[in-house]
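Chains, contacts and geometry: an overview
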Amino acid sequence: MAVEKGDVEHVATLARLAFTEEELVAFTTEMNGILALFEELKEVDTDGVEPAFRVLRRRNVFRGDEPGEMLPPDEALANAPDRHEDAFRVPAVLPND
Amino acid sequence: MKLYELTFSQIRAGLLEGDFSSRELTESVLDRVERVEPTVSAFVTVRDRGEILAEAAAADARRAAGKRQGALCGVPVAVKDNISTRGLATTCGSRMLESYVPPYDATAVSRLRDAGAILVGKTNMDEFAMGSSNENSAFCATHNPWDAGRVPGGSSGGSAAAVAAGEVPLALGSDTGGSVRQPAGFCGVVGVKPTYGRVSRYGLVAFASSLDQIGTMSRDVAGAAALLEAIAGEDPRDSTTAAEPVPPFLSDAGVDLKGLAVGVPDEYFSDGLDPSVAERVRDALEIIRSLGASVQTISIPHLRFGIAAYYLVADAEASANLARYDGVKYGHRTDHAEDLDGLYRMSRSEGFGAEVKRRIMMGTYALSAGYYDQYYLKAQKVRTLLARDFEKAFESVDVLVAPTSPTTAFALGERVHDPVSMYLSDVYTVPVNLAGLPALSVPCGLSTSGLPVGLQIVADKFREPVMFRVARAYERAAGVFPAPPGL
């Protein structure tokens, strides 16, 4: 099953990636090449087989609800591209009026 | 012999006997880094020489004062650049994290520090560990120390090249689908991928969380085992670490392999395997047999579906994990956005390289409405079948022995524009990650074109000791693999 340029644009929107027109065309071809590889799995009979989401059969792990070490705000914000006091600053989400 | 040429076993003995100091060893190693880096380009960041030498001198002082020493006291180590180091840039080989400085250490790194190791620097890698050649690094291509026109393998190519070139005796890498074993094989060093859950992933920048494991590299088997012992064990900061106790990975018992059953999976010797790789692996199997092991052919019927299942699972998990790079908390932020959605889109598009975008796209597609059952769920079911193949094999044998990769190191530029051919170079390594098993690659000679060949040894979950036993017995019989000539 082949994907078309429109499908690729849709996936790019979901993935929050922007591509130029040329990149979209090239990527459509590449994606079909990789999908052809994935199609091989159709040969395998998986009726009644459980999916292996994890390889270790370990139960859920909880720790005590006690405060541990915490990063001081200045360290947590040290890599922020844009900081306002103790917050990460982003462009306005709601209109300004 | 220069100090930088010593194996870990020789270093440990030499430091203990007082034949040389950690400072002398570290100086030799740093001089070597200066000399070969223009050719090899294994490092993204090398720490300040003065700071490193001060730590080495402090290790010597501890030793002289008879204080308790860690197992790696005074030994220089390199760390792959996707493993967080407090106060030291951790770029993941990506423009996205070019200026990122972690505020904390990965558990593996804090355990290295506790063991007394001296961190030399951070090694180059394929961006976000996505690649098999190191050519996907946003900064530079690392060159194979055996032939500078060839790739070192990937994605831990910088770590493998650094160890092979004598720039460090030990290094950490990470292995999601072969990223420690394949470059170890290509560069002629020992590379270990432990059982899933053996080593904490806390501070390892996430790629595919159900597959990622930190692994170790060394010129000799003893070094890879000692480094793994230092970093292994349960960690409250990673709920997927295993509660299993960490045994000594190498014991002196069993210099021969009497009573051990070795399985050779038939499917690993099919089409696409370079004849000169097959020949070296068969030679190694002869040595293993001569050491007393019984060798039998076994079958991993679903091997050939491993690549498709692996890339689906890995890409799906990557697309979710890499959603965190949004230009808000850390990492690259675009200068060209007018609203929040544009900020996300442009920051990501400018910060990620081609292969990372490709994987995010494939993973997003495989998880998107209407395709989940057909691709992602199907791949996870095939994963179950592959894991069962191994379970069945381990009912009758102690370890599997096979080639690490179908070929030796390929030429720079040879596969970089053909994603599928690049993916196929991982055909022998990805099944182990899908099944969560431990495996290592130990060098087993040179191909007809004079390039290292890797021998892969796979064990059942948490049975690292038997895997190391086979590897060391082989290494003792064959001799520690030489360093590349003429570098």
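Residues numbered from 1 in each chain as written. Chains lettered and ligands numbered in written order. Predicted model: local features only at pLDDT ≥ 70, side-chain atom pairs only at ≥ 80, totals over all residues. Heavy atoms only, no water.

**Observations concerning the pattern of salt bridges**
A full pass over the atoms with the stated rule returns 32 salt bridges over all chains. Across the salt bridge formed by Arg358 of chain B and Glu30 of chain A, the nearest N and O atoms sit 2.7 Å from each other. Highlighted residues: Arg358 of chain B in helix H11 (residues 354-367) and Glu30 of chain A in helix H2 (residues 21-39), drawn from two different chains. A relative accessible area of 25% places Glu30 of chain A in the partly exposed class. Of the charged contacts, one joins Arg49 of chain B and Asp31 of chain B as a salt bridge, the two residues approaching to 3.0 Å between their closest N and O atoms. (Salt bridge = Lys/Arg side-chain N within 4 Å of Asp/Glu carboxyl O. Helix = DSSP H or I, 4+ residues; strand = E, 2+ residues; numbered from the N terminus. Buried < 20%, exposed > 50% of the residue type's maximum accessible area, 1.4 Å probe, protein only.)

**Considerations on the sheet that holds strand E9 (residues 399-403) of chain B**
All names here are of chain B. Taken together, the 11 strands give an open sheet; going across it, the order is E1-E3-E2-E4-E6-E5-E10-E11-E9-E7-E8, and neighbouring strands pair in mixed fashion. One side of each edge strand has no neighbouring strand; the edge strands of this open sheet are strand E1 (43-46) and strand E8 (294-298). In this sheet, neighbouring strand axes are inclined to one another by 30 degrees on average, regardless of whether the strands run parallel or antiparallel. Here E1 runs beside strand E3 (residues 118-123); their pairing, made up of three bridges, is antiparallel. Paired with Val46 across the strands is Gly121, a residue of E3. (Pairing = 2+ DSSP bridges. Axes fitted to C-alpha atoms, helices over the stretch in contact; angles between N-to-C directions.)

**A look at the domain arrangement of chain B**
Residue and element names in this part refer to chain B. According to the domain assignment, chain B contains domain 1 (3-259 + 397-478) and domain 2 (304-379). Between the C-alpha centres of domain 1 and domain 2 the distance comes to 27 Å. Taken together, the 27 residues of domain 1 in the interface contact 25 residues of domain 2. Taken together, the two surfaces of domain 1 and domain 2 that pack against each other cover about 2,300 Å², and 68% of this comes from carbon and sulfur. Counting the contacts that link domain 1 with domain 2 gives 12 residue pairs in polar contact (both at pLDDT 80 or more). Residue assignment for the side of domain 1 that touches domain 2 shows that the elements contributing at least two residues are helix H13 (419-424) and helix H14 (430-435). Among the elements that line the side of domain 1 that touches domain 2, the one with the most residues is H13, at three residues. Across the side of domain 1 that touches domain 2, the residue classes tally to 16 nonpolar, eight polar and three charged. (Domains from an automatic or database assignment. Contact = heavy atoms within 4.5 Å. Buried area = accessible area lost by both parts, 1.4 Å probe. Polar contact = N/O pair within 3.5 Å; in protein donor to acceptor, adjacent residues only side chain to side chain. Nonpolar A, V, L, I, M, F, W, Y, C, P; charged D, E, K, R; others polar.)

**Some thoughts on the interface of chain B and chain A**
Facing the 73 residues of chain B at the interface are 50 residues of chain A. Summed over both sides, the interface of chain B with chain A buries roughly 5,300 Å², with 68% coming from carbon and sulfur. When the buried area of chain B at its contact with chain A is split by residue, Arg345, Met361 and Met362 of chain B rank highest and sum to 13% of it. Where chain B meets chain A, there are six salt bridges. Counting every contact that joins chain B to chain A gives 16 residue pairs in polar contact (both at pLDDT 80 or more). Examining the composition of the side of chain B that touches chain A, we find that 15 residues originate from one element, helix H12 (residues 372-396) of chain B, more than from any other. Among the residues forming the side of chain B that touches chain A, the class breakdown is 37 nonpolar, 16 polar and 20 charged.

**What about the state of the cysteines?**
As used here, a disulfide is simply a covalent bond connecting the sulfur atoms of two cysteines. All names here are of chain B. For the structure on display, the rule yields zero disulfides over all chains. This cysteine, Cys92, is not joined by any disulfide, and Cys140 carries the nearest cysteine sulfur, 15 Å off. Of the residues examined, Cys92 reaches a relative accessible area of 1% and is grouped as buried. (Disulfide = S-S within 2.5 Å.)

**Remarks on the packing of helix H1 (residues 8-17) of chain B against helix H7 (residues 221-231) of chain B**
Residue and element names in this part refer to chain B. Running from amino to carboxyl end, H1 crosses H7 at an angle of 75 degrees, the nearest separation of the two axes being 7 Å. The pairing of H1 with H7 is recorded here as roughly perpendicular in orientation. Across the interface between the two elements, Phe8, Ser9 and Arg12 of H1 pack against Ala222, Gly223 and Ala226 of H7. Residue classes in the contact of H1 with H7 are distributed as three nonpolar, two polar and one charged. (Parallel < 35°, antiparallel > 145°, perpendicular 65-115°, else oblique.)

**Focus: the pairing of strand E2 (residues 76-80) of chain B**
Residue and element names in this part refer to chain B. The buried fraction of E2 amounts to five of the five residues, a majority that puts the element mostly inside the structure. Residues Pro76, Ala78 and Lys80 point to one face of E2 and Val77 and Val79 to the other, with burial holding for every one of them. When E2 meets E3, the two strands line up parallel, connected through five bridges. Along E3, the bridge assignment pairs Pro76 with Ile118. After leaving E2, the chain enters helix H4 (residues 107-114) and then returns to the sheet as E3, a path that is right-handed. Where E2 and strand E4 (residues 170-175) come together, three bridges link them in parallel fashion. Across the sheet, the residue bridging to Ala78 is Ala171, located in E4. (Right-handed = clockwise from strand over helix to strand, strands pointing away.)

**Here's the deal with the pairing of E9 of chain B**
Two faces make up the sheet, and in a regular strand the side chains alternate between them. Residue and element names in this part refer to chain B. Burial analysis of E9 places five of its five residues in the buried class, which makes it a mostly covered element. Sheet topology note: the strand E7 (residues 261-265)/E9 ladder contains two bridges and is parallel. Paired with Val262 across the two strands is Val399, which belongs to E9. Two elements, E9 and strand E11 (residues 452-459), share five bridges in a ladder whose sense is antiparallel. Bridge pairing links Leu400 to Val458 in E11.

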